[in-house]
Amino acid sequence: MSYRTNLSLYYKIVLLLLSGDVHYNPGPCAICNKAVEDFNAKIECTGCGFVFHMTCVDMNIYDLVNIWRDESTWTCNMCSPQSVTQDSTLTDNCQRMEGPGCQVTENGQGTDNTPSAELHNPFSELYNRGLKTVHVNIRSIQNKLDELKEVLILSDCKISILGLTETWLNDHFDEKSIEIDGYTPERRDRCAINCTKDRGGGVLIYLKDTISYKRRDDLEPDCIEVIAVEIINDKSKPVIVLMVYRPPDHDLYEWCIPFQSILSKIQAERKECMILGDFNVDINDPTAKTKFWLDLIVGQLS
C-alpha cells in the first residue's frame with residue numbers, strides 16, 4: 001500500500017505549532033452588535049460572559065489596561081446589583097445598557113453578589129520573553145493609524161515587531177504621517193518596485209526602538225513587495241525578518257522565483273529567518289501551483 005503525505009494538512013499543523021495558542025472568537029459586542037475584532041479594545045463581563053467594545057461602555061484605554069494589569073474583574077450594568085434594582089426590564093443581551101459597568105474587584109475576587117472570574121487578557125502571552133511579532137493585512141493604514149496605536153497601548157508596548165501589508169502608501173505620505181511613539185518604521189511602497197499597478201499594496205514594519213537592526217536591501221528584489229531586516233542581538237544569533245506581500249494577480253510561479261532566491265541567500269548565511277505577510281495562497285486548493293508553494297515554504301521550515 002502506497003502512502004502519500006497530506007502536505008496541506010502537514011503545513012497547517014506546522015503553522016499551528018509555530019503560532020502557539022489559538023484564541024476563540026468572542027462574538028459581537030453586546031451593545032452595538034458589531035463584530036469584536038482581535039485588534040479592538042474590548043472587555044468581557046465576568047457575570048454574563050458577554051463581550052463589549054471599550055468605547056461602547058464609555059471606558060478609556062488606561063482604565064482597561066489597569067484592569068488587565070491588576071487581574072481585576074469587571075461586570076456590566078446588567079450584572080451589577082445596582083442596575084438590576086434601577087431597571088428590571090433590561091434584555092438578556094444588554095441591548096438597553098447605558099454607560100460603563102462599575103463593578104471592579106481586585107485579584108479576581110468579587111464583592112457582594114458580583115460574579116467573579118479572571119479576565120482574559122489577549123496580550124498576556126506578550127509578557128513572556130522573546131521576540132514578539134504581529135502581522136496585520138491593514139488595507140490602508142491612513143485611516144487605521146489610531147487603531148494601531150490603540151493595539152500597542154493595550155499590549156503595553158510588548159510587541160517587538162508589527163508588520164503590515166497593503167499599506168496603500170505612496171510618495172505623498174512622509175515618515176511623520178505614520179509615526180508611532182516607541183517604534184521605528186521601515187516601509188516599502190508599491191511605487192518603489194517594478195509593478196504594473198501603482199495603487200494598493202505596500203509593506204511596512206514597525207520595530208521597537210530598543211531593537212538593534214539593519215535593513216537588508218540585498219534581500220529586497222525590485223520585482224516583489226518585501227522588506228528584509230536583520231535583528232542584531234549580542235546574546236543570540238541574528239534573525240532575518242521578512243515582511244512579504246504577494247498580490248493575488250501576480251503569477252505564483254513567477255513570484256516564487258525571486259522569493260526562493262531570497263530564502264537561498266539566507267540559508268547560505270546560516271541565519272534564522274522569520275517570515276510575516278500575506279501570500280494570497282489557498283492551501284486547500286489542490287493545484288500544482290499550490291503544491292509548489294507549499295513545498296517551498298515547508299522545505300524552508302524543515
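Residues numbered from 1 in each chain as written. Predicted model: local features only at pLDDT ≥ 70, side-chain atom pairs only at ≥ 80, totals over all residues. Heavy atoms only, no water.

A. Structural view of the packing of aromatic side chains. Throughout the structure, instances matching the rule amount to 6 aromatic pairs. Taking 5.3 Å as the distance between ring centres and 65° as the angle between the ring planes, the aromatic pair formed by tyrosine 253 and phenylalanine 292 counts as edge-to-face. In this pair, tyrosine 253 is assigned in helix H5 (residues 252-268) and phenylalanine 292 in helix H6 (residues 288-301), connecting sequence segments 39 residues apart. A relative accessible area of 35% places tyrosine 253 in the partly exposed class. Take phenylalanine 292: its relative accessible area is 31%, and that puts it in the partly exposed class. Both rings, one in phenylalanine 259 and one in phenylalanine 279, keep their centres 5.8 Å apart while their planes meet at 70°; by these two values the pair is edge-to-face. With phenylalanine 259 in helix H5 and phenylalanine 279 in the loop between strand S12 (272-278) and H6, this residue pair connects regions lying 20 residues apart in the sequence. (Phe/Tyr/Trp six-rings, centres within 6.5 Å; stacked < 30°, edge-to-face > 60°. Helix = DSSP H or I, 4+ residues; strand = E, 2+ residues; numbered from the N terminus. Buried < 20%, exposed > 50% of the residue type's maximum accessible area, 1.4 Å probe, protein only.)

B. Molecular detail of the sheet that holds strand S8 (residues 203-208). Within the open sheet, the 4 strands sit side by side as S5-S6-S8-S7. Their pairing is mixed. The open sheet has two free edges, formed respectively by strand S5 (133-137) and strand S7 (183-188), since each of these has just one partner strand. In this sheet, neighbouring strand axes are inclined to one another by 15° on average, regardless of whether the strands run parallel or antiparallel. Two elements, strand S6 (residues 161-165) and S8, share 5 bridges in a ladder whose sense is antiparallel. Pairing of isoleucine 161 across the sheet is with leucine 207, part of S8. (Pairing = 2+ DSSP bridges. Axes fitted to C-alpha atoms, helices over the stretch in contact; angles between N-to-C directions.)

C. Fine view of unusual backbone geometry. Located in the positive-phi region is arginine 139, a residue other than glycine, with phi close to 50°. With respect to the element layout, arginine 139 can be found in the loop between S5 and helix H4 (145-154). Judged by relative accessible area, which is 46%, arginine 139 ranks as partly exposed. For tryptophan 168, which is not a glycine, the phi torsion comes out positive at approximately 60°. Structurally, tryptophan 168 is set in the loop between S6 and S7.

D. Local environment of the nonpolar core. By size, the foremost hydrophobic cluster in this structure holds 21 residues, and its most contacted members are Ile43, Phe52, Val57, Met59, Leu64, Trp74 and Cys76. For this core, the secondary structure elements donating two or more residues are strand S2 (51-53) and helix H2 (61-69). Of the residues forming this core, the biggest block, 5 residues, is contributed by H2. In this structure, Leu242, Ile262, Ile266 and Ile297 belong to the second largest nonpolar core, which totals 20 residues. (Core = buried A, V, L, I, M, F, W, Y, C linked by side-chain atoms within 4.5 Å.)

E. Broad picture of the pattern of salt bridges. If you walk through the whole model with that rule in mind, you get 16 salt bridges. Of the charged contacts, one joins arginine 215 and glutamate 186 as a salt bridge, the two residues approaching to 2.6 Å between their closest N and O atoms. Taken together, the residues arginine 215 in strand S9 (residues 212-215) and glutamate 186 in strand S7 connect sequence positions 29 residues apart. A residue is classified by how much of its surface remains accessible, and arginine 215, at 26% relative accessible area, is partly exposed. Glutamate 186 gets classed as buried once you look at its relative accessible area, which sits at 17%. Members of the salt-bridge network, linked through shared partners, are Glu186, Arg188, Arg215, Asp217, Glu220 and Asp222. (Salt bridge = Lys/Arg side-chain N within 4 Å of Asp/Glu carboxyl O.)

F. Here's a closer look at the state of the cysteines. Going through the model one piece at a time under the given rule, you end up with 0 disulfides. Free cysteine cysteine 32: the closest other cysteine sulfur is in cysteine 29, separated by 3.8 Å. (Disulfide = S-S within 2.5 Å.)

G. Layout of the pairing of strand S10 (residues 225-232). Among the 8 residues that make up S10, 7 are buried, leaving the element largely enclosed by the rest of the structure. In this structure, S9 lies alongside S10, joined through 4 bridges in antiparallel fashion. Considered in S10, the bridge of arginine 215 is made with valine 229. In the sheet, S10 pairs with strand S11 (residues 239-245) via 7 bridges, with the strands oriented antiparallel. Looking across to S11, one finds that isoleucine 231 is bridged to valine 239. Where S10 folds back on S11, the antiparallel hairpin that results is connected by 6 residues.

H. Representation of H5 in the model. Spanning 17 residues, H5 covers 24 Å between terminal C-alpha atoms, matching the ideal 24 Å at 1.5 Å per step. Turning to H5, its buried residues are Leu252, Trp255, Cys256, Pro258, Phe259, Ile262, Leu263 and Ile266. A side-chain oxygen of the first residue of H5 lies 3.2 Å from the backbone nitrogen of tyrosine 253; this N-cap is aspartate 251. Two residues or fewer after H5 comes arginine 270, characterised by a positive phi angle close to 55°. (Expected span 1.5 Å × (residues − 1). Polar contact = N/O pair within 3.5 Å; in protein donor to acceptor, adjacent residues only side chain to side chain.)

Keep in mind these numbers describe shape, not what the thing actually does.
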